[in-house]
Amino acid sequence: MTDPSQVGEVRRFVQKLSKDFDFNEVEVGRLSIIVNELGNNLVKYAPGGRLLVRAFDNQDLKQVEILSIDTGPGMDVDVVMTDGYTTGQTPGTGLGSVKRQADYFDLYSTTKGTVIVAGIFKDSSKSSFNFGVVNLPVASESVCGDDYYLNMDKDSVTALVVDGLGHGILASQAANEATALFSEIQNEPLDFILNRIHGKLKSTRGGAVFLLRWSEAGVVTFTGVGNIRTVIQKPIENKTLISQNGTAGVQIRTPKVLSEKWDGEGLLILHTDGINNRWDFSAHPGLIYRHPAVIAGIISRDFCRGTDDATVVVIGRNK
């Protein structure tokens, strides 16, 4: 976001997207105000920052989300959230207006920059889970070779993250094949799903795949092949969930479904190798308690390698 004209471009895109998702005129209007305020803030105070738009449709849950990411100089949160504070270029009254328009809102700001999330649910639908996703192609490509799929209900969540080999159109085709198949058979046993995905991807260049399922029973079951990293992140410790060597569609061993206890405290974080494995929260005090979309934004901003597609999925349990 470097020019005011881009704000209007994003607003029109969001209006069309939300109408395609059957949002009503009031909901579309609320999203327009959010885009105007966040977009103009970036143009005026943090040019070069990004607005990411994500739409999600999962059974009864529909939402459109705007994620603002910049690299500085940061902001005084108490000031910008005060009613009456405005950039002078929008119909809102600062970020307080964005918060009022949104069904969920959160931000995290330091001198390294600010990440803000604001989203709207269609008809105020809600989920038992909070989640955030950043899914970006490498700078030289227009499509992302990574993909993801989430299925959530009141008591459980099932997730897939796939990284097509390489990047560009062929990688994207492999990733899309995996998510399309997963959407059809997601309720099957995880080892069965991985074997089916392996067979499906034999006609593509293949990729890394990770699957997990968590329920109220307090256990994460998982299986995977390739270098997708998955972590149970708690406030003072983390646990990495192990994936097998190999490439789905090329060569894999017999899938093993493993399990790890998780009581819902903290987060599940999955990411492709476009994100540096050495990320941690030590330089971001309190970040783990922010909305998962904000966390995904920080991880992608501060730990993206810049040489490959990058996807990070963050899942948290609603308290």
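Residues numbered from 1 in each chain as written. Predicted model: local features only at pLDDT ≥ 70, side-chain atom pairs only at ≥ 80, totals over all residues. Heavy atoms only, no water.

1. Here we look at the sheet that holds strand β2 (residues 61-69)
Strand pairing in a sheet is mediated by backbone hydrogen bonds. Such pairs are either parallel or antiparallel.
In step 1: Spatially, the four strands line up as an open sheet ordered β1-β2-β4-β3, and their pairing is antiparallel. Lying at the two open borders of the sheet, with one neighbouring strand each, are β1 (50-58) and β3 (104-110). Here the strands of the sheet are splayed against their neighbours by 10 degrees on average, with no regard to which way each runs.
In step 2: Of the pairings in the sheet, the one linking β1 to β2 comprises nine bridges and is antiparallel in character. Its bridge partner lying in β2, asparagine 58 is registered against leucine 61. (Pairing = 2+ DSSP bridges. Helix = DSSP H or I, 4+ residues; strand = E, 2+ residues; numbered from the N terminus. Axes fitted to C-alpha atoms, helices over the stretch in contact; angles between N-to-C directions.)

2. A closer look at the environment of valine 134
In step 1: Here valine 134 shows up in strand β5 (residues 129-136).
In step 2: Between the C-alpha atoms of valine 134 and valine 313, which are 179 residues apart in sequence, the distance is 6.8 Å.

3. Quick notes on the sheet that holds strand β8 (residues 207-215)
In step 1: Here we have five strands laid out as an open sheet, ordered β6-β7-β8-β9-β14, and antiparallel in their pairing. Each end of this open sheet is capped by a strand with a single partner; those strands are β6 (146-152) and β14 (258-261). Across the sheet, the axes of successive neighbouring strands diverge by a mean angle of 15 degrees, strand direction being ignored.
In step 2: Pairing of strand β7 (residues 156-164) with β8, which is carried by nine bridges, proceeds in the antiparallel orientation. Bridging across to β8, aspartate 163 finds its partner in alanine 208.
In step 3: Across the sheet, helix α6 (residues 190-200) is in contact with β7, β8 and β9 (219-225); its angle to β8 comes to roughly 160 degrees. (Contact = heavy atoms within 4.5 Å.)

4. Examining the pattern of salt bridges
Oppositely charged side chains may form a pair once their charged atoms are brought near each other.
In step 1: Evaluation of the coordinates by the stated rule reveals eight salt bridges.
In step 2: Residue lysine 200 is joined to glutamate 177 by a salt bridge in which the shortest nitrogen-to-oxygen separation is 3.8 Å. You can see lysine 200 sitting in helix α6 and its partner glutamate 177 sitting in helix α5 (residues 169-185), a full 23 residues away along the chain.
In step 3: Judged by its relative accessible area of 39%, lysine 200 falls in the partly exposed class.
In step 4: A residue is classified by how much of its surface remains accessible, and glutamate 177, at 30% relative accessible area, is partly exposed. (Salt bridge = Lys/Arg side-chain N within 4 Å of Asp/Glu carboxyl O. Buried < 20%, exposed > 50% of the residue type's maximum accessible area, 1.4 Å probe, protein only.)

5. Side note on the state of the cysteines
Two cysteines joined by a covalent bond between their sulfur atoms form a disulfide.
In step 1: Under the definition given, this model contains zero disulfides.
In step 2: No disulfide involves cysteine 144; its nearest neighbouring cysteine sulfur is the one of cysteine 304, lying 10.0 Å away. (Disulfide = S-S within 2.5 Å.)

6. What about the packing of helix α1 (residues 4-20) against helix α2 (residues 25-45)?
In step 1: The geometry of α1 relative to α2 is characterised by a closest axis approach of 9 Å and an angle of 155 degrees between their N-to-C directions. The orientation of α1 relative to α2 falls into the category roughly antiparallel. Like other packed secondary-structure pairs, α1 and α2 cross with a definite hand, here right-handed. Here α1 contributes Pro4, Val7, Val10, Arg11, Val14, Gln15, Ser18 and Lys19 to the contact with α2, which in turn contributes Glu25, Val28, Leu31, Ser32, Val35, Asn36, Gly39, Asn40 and Val43. (Parallel < 35°, antiparallel > 145°, perpendicular 65-115°, else oblique. Left-handed = near helix turned anticlockwise from the far one by under 90°.)

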